[in-house]
Each structure stands twice: as structure tokens, then as C-alpha cells.
Amino acid sequence: MLRAIRVIRHGAAKHAVDPHRIGIIGFSAGGHLASTAATHFDLGNPDAADPVDKVSSRPDFAILCYPVITMDEAFTHKGSRRNLLGPDRYDNAELVELLSNENA
């Protein structure tokens, strides 16, 4: 997801896209992906060999439609948490904290 934002931003002039109006939309589990992109981005690496990696992966806006935002057991649907984090990692406290995007 973040790579896709970088690729679009890097090629914006070629495709007549405003590089400051690149956003993301997601529904349900896709809303979690969109909220993750909106909270776990970086501004690019000016020293990167790949020119795409030099630009920001930060979306300029995010539209979240009934998203799964938290992985907190008290609030999230257990099936969603298991499906998003994986059957072997859904109880990993560090991963649960990292991907509870309301905390980012």
C-alpha cells in the first residue's frame, strides 16, 4: 500500500496527477489497511538508490468506511483480529499494539 502511494506520487507529473492530492479509501478490513497507511507512513529516504523510495508514502487523505481500527480485544471482532493478524500472531501483544491504529 505505501509503495503504491510512492509510485503514484513519483509518477504524478507523467500522469497529470496532483502529488499533494493522493489519498486512500477502505471498507471494513480495507479500512484497517487504509488507517494503517494513514498512520504508519514515512516521508521517504533522500539517500535511497530507488527514486520512488525518496518520496513520501503519506496519504494526503484517508476515507475509512466502517473500518476495523483497533485490535484491542475489548473492542474488535475476534474473527477480524485473527484474520488481519494471522492465526499464529493474533495474540502477539506487540503486534496488537502496533496495529491498533487509534494509538498511532
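Summarised in this report is the structure supplied together with it. (Residues numbered from 1 in each chain as written. Predicted model: local features only at pLDDT ≥ 70, side-chain atom pairs only at ≥ 80, totals over all residues. Heavy atoms only, no water.)

**Here's the deal with helix 2 (residues 29-39)**
One turn of the α-helix equals 3.6 residues, which is why residues spaced by three or four share an orientation.
At step 1: Taken together, the buried positions of helix 2 are Gly-31, His-32, Ala-34, Ser-35, Thr-36 and Ala-37.
At step 2: Residues of helix 2 that are buried in the fold lie against helix 1 (2-10), strand 1 (23-27), strand 2 (61-65) and helix 3 (78-85). (Buried < 20%, exposed > 50% of the residue type's maximum accessible area, 1.4 Å probe, protein only. Helix = DSSP H or I, 4+ residues; strand = E, 2+ residues; numbered from the N terminus. Contact = heavy atoms within 4.5 Å.)

**So, unusual backbone geometry**
At step 1: Unlike most non-glycine residues, Ala-16 shows phi in positive territory, near 55°.
At step 2: Mapped onto the fold, Ala-16 is located in the loop between helix 1 and strand 1.
At step 3: Located in the positive-phi region is Tyr-66, a residue other than glycine, with phi close to 35°.
At step 4: Following the sequence through the fold, Tyr-66 ends up in the loop between strand 2 and helix 3.

**A closer look at the nonpolar core**
At step 1: Val-68, Met-71, Leu-85, Leu-95, Val-96 and Leu-99 form the largest nonpolar core, which has six residues in total.
At step 2: Sequence-distant contacts of Leu-99, that is, excluding residues within four places in its chain, are made with His-32, Thr-36, Ile-69, Met-71 and Leu-85.
At step 3: One finds Ile-5, Ile-22, Ile-24 and Ala-37 within the second-largest nonpolar core, a separate group that totals five residues. (Core = buried A, V, L, I, M, F, W, Y, C linked by side-chain atoms within 4.5 Å.)

**What about the pairing of strand 1?**
At step 1: Along strand 1, the buried face is formed by Ile-24 and Gly-26; none of Gly-23, Ile-25 and Phe-27, which line the opposite face, is buried.
At step 2: Here strand 1 pairs with strand 2 via five bridges, running parallel. Within the sheet, the bridge partner assigned to Gly-23 lies in strand 2 and is Phe-61.
At step 3: In this fold, strand 1 hands off to helix 2, which returns the chain to strand 2; that crossover is right-handed. (Pairing = 2+ DSSP bridges. Right-handed = clockwise from strand over helix to strand, strands pointing away.)

**A closer look at the environment of Pro-51**
At step 1: Of note, Pro-51 is situated in the loop between helix 2 and strand 2.
At step 2: For Pro-51, a relative accessible area of 42% puts it in the partly exposed group.
At step 3: Once the C-alpha coordinates of Pro-51 and Phe-41 are considered, the two residues, 10 residues apart in sequence, prove to be 17 Å apart.

**Quick word on the environment of Ile-8**
At step 1: As for its placement among the helices and strands, Ile-8 is situated in helix 1.
At step 2: Here Ile-8 falls in the partly exposed class, since its relative accessible area comes to 42%.
At step 3: With 47 residues separating them along the chain, Ile-8 and Val-55 place their C-alpha atoms 10.0 Å apart.

**Focus on the packing of aromatic side chains**
At step 1: The full count for this structure, using the stated rule, is one aromatic pair.
At step 2: Stacked on the ring of Phe-41, the Lys or Arg Arg-58 has its end atom at 5.9 Å from the ring centre. (Phe/Tyr/Trp six-rings, centres within 6.5 Å; stacked < 30°, edge-to-face > 60°. Lys NZ or Arg CZ within 6 Å of the ring centre and 35° of its normal.)

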